[in-house]
2 protein chains.
Amino acid sequence: MTTIKDVAERAGVAPSTVSYVLSGSRKISEDTRRAVQAAIDELGYHPRASARTLRSARTRVLALAAPRVPGAYRAIDGRFAIDVTDAARGHGYDVLLMTDSDGVGGLRRVACSGLADAAVLMAVEDRDPRVEVLGELGFPAALLGRDDHAQLPWTDLDWDAAVALAVRETAAAGHRRILFLSSAEHEVAARRGYALHGLDGARRATAETGAEVRVVPSHRDPDVLARRLREALTARPAPTALVVQHLILLPRLLDAVATAGLRVPDDLTVVLVGSLPDELGIRHLPRIDLPVAEMSTAVARLAIDAIDPGSDARPPSGPPHHLIQPRMAGPAIAPPSLG
Amino acid sequence: MTTIKDVAERAGVAPSTVSYVLSGSRKISEDTRRAVQAAIDELGYHPRASARTLRSARTRVLALAAPRVPGAYRAIDGRFAIDVTDAARGHGYDVLLMTDSDGVGGLRRVACSGLADAAVLMAVEDRDPRVEVLGELGFPAALLGRDDHAQLPWTDLDWDAAVALAVRETAAAGHRRILFLSSAEHEVAARRGYALHGLDGARRATAETGAEVRVVPSHRDPDVLARRLREALTARPAPTALVVQHLILLPRLLDAVATAGLRVPDDLTVVLVGSLPDELGIRHLPRIDLPVAEMSTAVARLAIDAIDPGSDARPPSGPPHHLIQPRMAGPAIAPPSLG
DNA sequence: CTGTTAGCGCTTTCAA
DNA sequence: TTGAAAGCGCTAACAG
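Note that the structure is predicted; figures quoted are calculated from it, not measured.

1. Here we look at the pattern of salt bridges
Next, step 1: Counted according to the given criterion, the structure contains 50 salt bridges over all chains.
Next, step 2: For Arg89 of chain A, the salt bridge goes to Asp94 of chain A, with nearest N and O atoms at 3.8 Å.
Next, step 3: Between Asp200 of chain B and Arg203 of chain B there is a salt bridge, and its shortest N-O distance comes to 3.0 Å. Placement of the pair is Asp200 of chain B and Arg203 of chain B together in helix 10 (residues 193-209), with a separation of 3 residues, close to one helical turn.
Next, step 4: A relative accessible area of 53% places Arg203 of chain B in the exposed class.
Next, step 5: A cluster of three or more residues bridged by salt bridges with shared partners is formed by Arg68 of chain A together with Arg79, Asp83, Asp86 and Asp278 of chain B.

2. Digging into the protein's contact with DNA strand C
Next, step 1: Close to DNA strand C lie 25 residues; Tyr20, Tyr45 and Arg55 of chain A together with Arg26 and Thr32 of chain B are nearest.
Next, step 2: Separating a phosphate oxygen of DNA strand C from a side-chain N or O atom of Tyr45 of chain A is a distance of 2.4 Å.
Next, step 3: Elements supplying a minimum of two residues to the surface near DNA strand C: helix 2 (15-23) and helix 4 (49-56) of chain A together with helix 2 (15-23) and helix 4 (49-56) of chain B.
Next, step 4: Its residues assigned to classes, the surface near DNA strand C comprises 10 nonpolar, 8 polar and 7 charged.

3. Examining the UniProt feature "domain: HTH lacI-type" (unreviewed entry) in chain A
Next, step 1: In this structure's numbering, the residues bearing the UniProt feature "domain: HTH lacI-type" (unreviewed entry) are residues 2-56 of chain A.
Next, step 2: Helix makes up 71% of residues 2-56 of chain A and strand 0%, with an end-to-end C-alpha separation of 21 Å.

4. Looking at the side chain of His197 of chain B
Residues and elements named next belong to chain B.
Next, step 1: Along the polypeptide, His197 turns up in helix 10.
Next, step 2: With a relative accessible area of 18%, His197 lands in the buried category.
Next, step 3: Not counting residues up to four positions away in its chain, the partners in contact with His197 are Arg146, Trp159 and Asp160.

5. Examining the protein's contact with DNA strand D
Next, step 1: Neighbouring DNA strand D are 25 residues; Thr17, Arg26 and Thr32 of chain A together with Tyr45 and Arg55 of chain B lie closest to it.
Next, step 2: The sugar and phosphate moieties of DNA strand D supply 49% of its atoms located within 4 Å of the protein.
Next, step 3: Contacts to DNA strand D include Arg26 of chain A, whose side-chain N or O atom sits 2.3 Å from a base oxygen.
Next, step 4: One nitrogen or oxygen atom from the side chain of Ser29 of chain A is found 2.8 Å from a phosphate oxygen belonging to DNA strand D.
Next, step 5: Listed by contribution, the elements that provide at least two residues to the surface near DNA strand D are helix 2 and helix 4 of chain A together with helix 2 and helix 4 of chain B.
Next, step 6: Residues that form the surface near DNA strand D fall into these classes: 10 nonpolar, 8 polar and 7 charged.

6. Notes on the nonpolar core
Next, step 1: Judged by nonpolar contacts, the single largest core of 105 residues is most densely connected at Leu62 of chain A together with Leu62 of chain B.
Next, step 2: Setting aside residues no more than four positions away along its own chain, Leu62 of chain A makes contact with Ala88, Tyr93, Asp94, Val95, Leu96, Ala116, Ala118, Val120, Ala300, Ala303 and Ile304 of chain A.
Next, step 3: Among the nonpolar cores identified, the runner-up in size contains 44 residues, and Leu121, Phe139 and Leu152 of chain A together with Met98 of chain B belong to it.

7. A look at the relation of the copies chain B and chain A
Next, step 1: Of the transformation placing chain B onto chain A, the axial shift is 0.0 Å and the rotation is 180°, giving an RMSD of 0.1 Å. Given the turn and translation reported, the copies of this chain are related as if by a two-fold rotation axis. Relative to the rotation axis, the closest C-alpha in chain B is found at Gly78 of chain B, a distance of 1.8 Å.
Next, step 2: A shared binding surface is used by both copies, with 100% of the interface residues of chain B retained as interface residues in chain A.

8. Brief notes about the sheet that holds strand 10 (residues 287-289) of chain A
Residue and element names in this part refer to chain A.
Next, step 1: Ordered in space as 7-6-8-9-10-12, the 6 strands form an open sheet in which the pairing is mixed. The sheet terminates laterally at strand 7 (212-218) and strand 12 (328-329), the two strands that pair on one side only.
Next, step 2: By the bridge criterion, 4 bridges tie strand 6 (residues 177-184) to strand 8 (residues 241-244) in an arrangement that is parallel. Within strand 8, the residue paired with Leu181 across the bridge is Val244.
Next, step 3: The sheet contacts of helix 8 (residues 159-172) involve strand 6, strand 7, strand 8, strand 9 (269-275), strand 10 and strand 12, and relative to strand 9 the element is tilted by about 165°.

9. Quick word on the domain arrangement of chain A
Residues and elements named next belong to chain A.
Next, step 1: Each assigned domain of chain A is listed with its residue range as follows: domain 1 (4-156 + 295-320) and domain 2 (159-291).
Next, step 2: Relative to domain 2, the C-alpha centre of domain 1 lies at a distance of 38 Å.
Next, step 3: Contacts between the two partners involve 13 residues from domain 1, matched on the other side by 12 residues from domain 2.
Next, step 4: When domain 1 packs against domain 2, the two sides together hide about 1000 Å² of surface, and 54% of this comes from carbon and sulfur.
Next, step 5: Of all residues in domain 1, Arg79, Arg146 and Met295 give up the largest surface area on contact with domain 2, accounting jointly for 42% of the area buried on that side.

10. Here's the deal with the environment of His219 of chain B
Residue and element names in this part refer to chain B.
Next, step 1: Checked against the element boundaries, His219 lands in the loop between strand 7 (212-218) and helix 11 (222-234).
Next, step 2: Along the sequence, His219 and Glu187 sit 32 residues apart, while their C-alpha atoms lie 9.0 Å from each other.
Next, step 3: Every residue in contact with His219, bar those within four places of it in the chain, is listed here: Ala184, Glu185, Val224, Leu225, Arg228, His246 and Leu249.
Next, step 4: A distance of 3.0 Å separates a polar atom in the side chain of His219 from the backbone nitrogen of Asp221.

What counts and what doesn't
- Residues numbered from 1 in each chain as written.
- Chains lettered and ligands numbered in written order.
- Predicted model: local features only at pLDDT ≥ 70, side-chain atom pairs only at ≥ 80, totals over all residues.
- Heavy atoms only, no water.
- Salt bridge = Lys/Arg side-chain N within 4 Å of Asp/Glu carboxyl O.
- Helix = DSSP H or I, 4+ residues; strand = E, 2+ residues; numbered from the N terminus.
- Buried < 20%, exposed > 50% of the residue type's maximum accessible area, 1.4 Å probe, protein only.
- Near = heavy atom within 4 Å.
- Polar contact = N/O pair within 3.5 Å; in protein donor to acceptor, adjacent residues only side chain to side chain.
- Nonpolar A, V, L, I, M, F, W, Y, C, P; charged D, E, K, R; others polar.
- UniProt positions renumbered as here; feature names shortened; annotations may be inferred.
- Contact = heavy atoms within 4.5 Å.
- Core = buried A, V, L, I, M, F, W, Y, C linked by side-chain atoms within 4.5 Å.
- Least-squares fit on C-alpha atoms with pLDDT ≥ 70 in both.
- Pairing = 2+ DSSP bridges.
- Axes fitted to C-alpha atoms, helices over the stretch in contact; angles between N-to-C directions.
- Domains from an automatic or database assignment.
- Buried area = accessible area lost by both parts, 1.4 Å probe.

Written out as structure tokens, the structure is:
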């Protein structure tokens, strides 16, 4: 294992000089820096992260707390894990992935043992115990998902605007009877931000467009969802468009549509809200993608900015946030069929 | 920040005694250990990971290298990230997530700077540069996905057995004309293990069952897939069952089936091979789930076991591996309709 | 059974 | 413009 001392010896300088060359925090003569750089290259020297961390009390690591619902899986969680990792690297940070299968223990352990400088929390709930713990430890954090209650920075898609946009565009394509499959009932009951704001957006767009928008709450049980959807689709007069926010059950949903004897988009136009970007299987549907990349960059940024409270006092307006405006993607929304 | 010294002072012992109480690597009198434990609890002491690592040259962290294909997203990658993290915790390890957006640089950095003790590689390719680098650095690693070429431990689903099982069970349900949608052409061309072994399994089962199994290679372009599928489904005599290994485009695939005027499972039985477990949207389809949990546990285990080459010499039989047998899940496979 | 002490690799003050 | 040296928190060899 080659250390800073080896490099110093080879370059004929003191260890501290090597350190200064590396950090750039002191003026070094051109000759010296070249000699040091040469020694570094020849020896293939890499600084030991643990030594730096011990000295500086900075890990340059973010802890990312992903949810882990037993028996269910949300593709979005894994996607964020990967994208946040990418985003953090862009800021010079690595990501330590944690699941909450451990309850709040994992986060506490990571914070207390100095494994990370800040945390990013996914899928934050109303009175999330993870938020409590981090607050009590004074550990910096940022949230992936809007939360106006917790005193923490957050980023999110503007779900209100997103659903409103989807409904508005659908109406603009000529649809007068629109079905909105909202978040599942348990999500609304848990007062999830996306669920509530999505419903608000549907209401707002309904008023604005004058279209008849029927809201059908989704359900975590695929069979219940299929039943509800079928009833709503076969009601007379039948809706000509389906705007979907609850996407976890998408294959089952498409199955229910097909079972109802409807072709997409000939008999029924389907518009997705909050889909995963770059999912090739849904490229054929008009949609509003969840801005995963932008959210990931933002949340990494917010978490890192929360690390050093020294720069200036907390501005009086509370923790910062980053609300992202929706954009339509995919093919144009098909007009209703003339039948 | 409370250190081992603070604890020692409060308990009236030497710092090393506290360390020994913590590690259990020395006999301690019951009185002393109680005093120390009390001091630890009262002060809320947690050992600093960086100090331990600096001392012991062990991080108790695994690096997990996830692929990052620009413009495409595979839900499976995020899922493994989360499950491997859980599995690693079960062995007392944390997981540092890396993407290969950086090429091979991230892995090299993590290995050289001592941020992790071993690596887990996902989606390994034929002559994967990450494997080369780790070999050259002598960094311990294990692979998520079969690879008989690289001299590294791996785990995988037995894809040959899985496809064979799916076809066999489909035939046993009475189907005589079966369509097998294999991996995409570029996956076969890249000699991906799952792609090749899946094809082998289809061939084997065809011979065994005597059913007419038509293999249609999938394609990364959803439009090409849809076209191929449509042609194959409308050929006469029409197949009555569809076994699918290429699942990334599933929504589009179901759309193509519906567009062909076919109902599932009345007109066409659909069987999935390698689906994500706990995906609620596909619960209604017979399938063979990818054993994500078992693979994750196994690969964490293999990586950790590769860390300490001291225990005994490499057994002559090459690196260990863990091949998992497939199991059917979901509803029974529907027999062909009498029409 | 317990204490003393050296040192892991690095950064940074203090001194030149 | 550079060097010497202390010390971050912990473990383990050595010494009682």
